[in-house]
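# Chains, contacts and geometry: an overview
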Amino acid sequence: MTFQLKPILVSALLFMSCNTGKLTVMGSIDSDLEETSAAQLISNSDLVWTIEDAGNKNNVYGLDLKGDIIRDIDVSNIKNQDWEDLTSDSKGSLYIGDFGNNSKKRKKFFIYKIENLANVDHKTEALTISFTLPKDVKSEDFESFFLWKDHFYIFSKENKKTMLLKVPNQVGEHVATYVTEYELKGKDTRVTSADISPDGKTVVLLNHDRIWTLTAFNRDNFFEGIVTKIDLKHDSQKEGICFKDNTTVYITDEDSGKEDNNIYSLKL
């Protein structure tokens, strides 16, 4: 009798150890990518695009939903100073946010544009959008952004008040515009990735164990709408989020050494 119960007990323990809360695991990300720092869909491609952050290659990777690397593209004319997030436009261009700033001493930040990514082979070059901060805004760490109405909206990674800036989607040099600051509710409120739904009605902000949704906003001060916290019931180093459609998101996390880094889906 004891012998028959052992497999059942082991299976139950395995299930408990792999509990992902509200998230559904789509696939395990290729082990060559230990520090996946973003997730983004683009037009004319069914892949989830990602990057690695500071100290890694200046490459963008297209993953299938199993987590396998299908595309590996070298962006040859730029450097990965501290790539943190991705966004895209309706024409199939991918934008890389090089604005990580752990030391909080950085003066200049970059957004790199790769045009028509779906038709790129193995190597390409990017156009450069650069920005500095307004004079009265101190240097902060930024890890998340999205594109909306031809402006990039960039969120600081702060544990008290999250700062929101905007930069025009135009190649060249700019001074960012300060939009607002907002105090998110929770013990750890550092925002690691962001996106806006295809219909422009929902913003999501990602943290290691939760999401905030911003809805019912009338202008680009998104925090003036309704802010809702969603506890994911799962804690890992989540660094990437993007909308699949208006109500479903994909999420990626980094390799913690304790469990695989995965692509997850979540119905909001």
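Nothing here was measured: the structure is a model prediction, and the numbers come from that model.

## Quick look at the side chain of Thr180
Residue placement: Thr180 occurs in strand S14 (residues 177–182). Residue Thr180 is classed as buried on the basis of its relative accessible area, which comes to 13%. Excluding residues that lie within four positions of it along the chain, Thr180 makes contacts with Thr162, Met163, Leu164, Asn221 and Phe223.

## A closer look at the packing of aromatic side chains
Pairs of aromatic rings are described using the distance from one ring centre to the other and the angle between the two planes. If you walk through the whole model with that rule in mind, you get 16 aromatic pairs. Seen from their ring centres, Trp148 and Tyr153 are 6.1 Å apart, and the 55° between their planes marks the pair as tilted. Every member of this aromatic cluster is reached through a ring pair, and the members are Phe146, Trp148, Tyr153, Phe155, Tyr182, Phe217, Phe222 and Phe223.

## Section: the sheet that holds strand S10 (residues 142–148)
Sheet strands line up and pair through hydrogen bonds in the backbone, either parallel or antiparallel. The strand order across the open sheet built from four strands is S10-S11-S12-S14, with neighbouring strands paired in antiparallel fashion. Unpaired on one side and paired on the other, S10 and S14 mark the two borders of the sheet. Shown here is a sheet whose adjacent strand axes are inclined to one another by a mean of 25°, direction ignored. Examined bridge by bridge, strand S11 (residues 151–156) and strand S12 (residues 162–168) share five bridges and lie antiparallel to one another. Its bridge partner being in S12, Tyr153 is matched across the sheet by Lys166.

## Describing the pattern of salt bridges
Applying the stated criterion across every chain, the model contains twelve salt bridges. A salt bridge links Arg219 to Glu224, with the nearest nitrogen and oxygen atoms 2.7 Å apart. Within the structure, one salt-bridge network assembled from shared partners comprises Lys104, Lys138, Glu140 and Glu158.

## Details of the pairing of strand S9 (residues 127–132)
In the sheet, strand S7 (residues 109–114) pairs with S9 via five bridges, with the strands oriented antiparallel. Bridging across to S9, Phe109 finds its partner in Phe131. Of the pairings in the sheet, the one linking S9 to strand S13 (residues 172–175) comprises four bridges and is parallel in character. Looking across to S13, one finds that Thr132 is bridged to Val175.

## Concerning the confidence of the model for the protein chain
Note: predicted coordinates in regions of low pLDDT should not be interpreted at a detailed level. Of the residues in the protein chain, 93% reach a pLDDT of 70 or more, and the chain-wide mean stands at 91. Here residues 1–17 scores under 50 on pLDDT; set against residues more than four positions off or in separate chains, the count is zero contacts.

What counts and what doesn't
- Residues numbered from 1 in each chain as written.
- Predicted model: local features only at pLDDT ≥ 70, side-chain atom pairs only at ≥ 80, totals over all residues.
- Heavy atoms only, no water.
- Helix = DSSP H or I, 4+ residues; strand = E, 2+ residues; numbered from the N terminus.
- Buried < 20%, exposed > 50% of the residue type's maximum accessible area, 1.4 Å probe, protein only.
- Contact = heavy atoms within 4.5 Å.
- Phe/Tyr/Trp six-rings, centres within 6.5 Å; stacked < 30°, edge-to-face > 60°.
- Pairing = 2+ DSSP bridges.
- Axes fitted to C-alpha atoms, helices over the stretch in contact; angles between N-to-C directions.
- Salt bridge = Lys/Arg side-chain N within 4 Å of Asp/Glu carboxyl O.
- pLDDT = per-residue confidence, 0-100.

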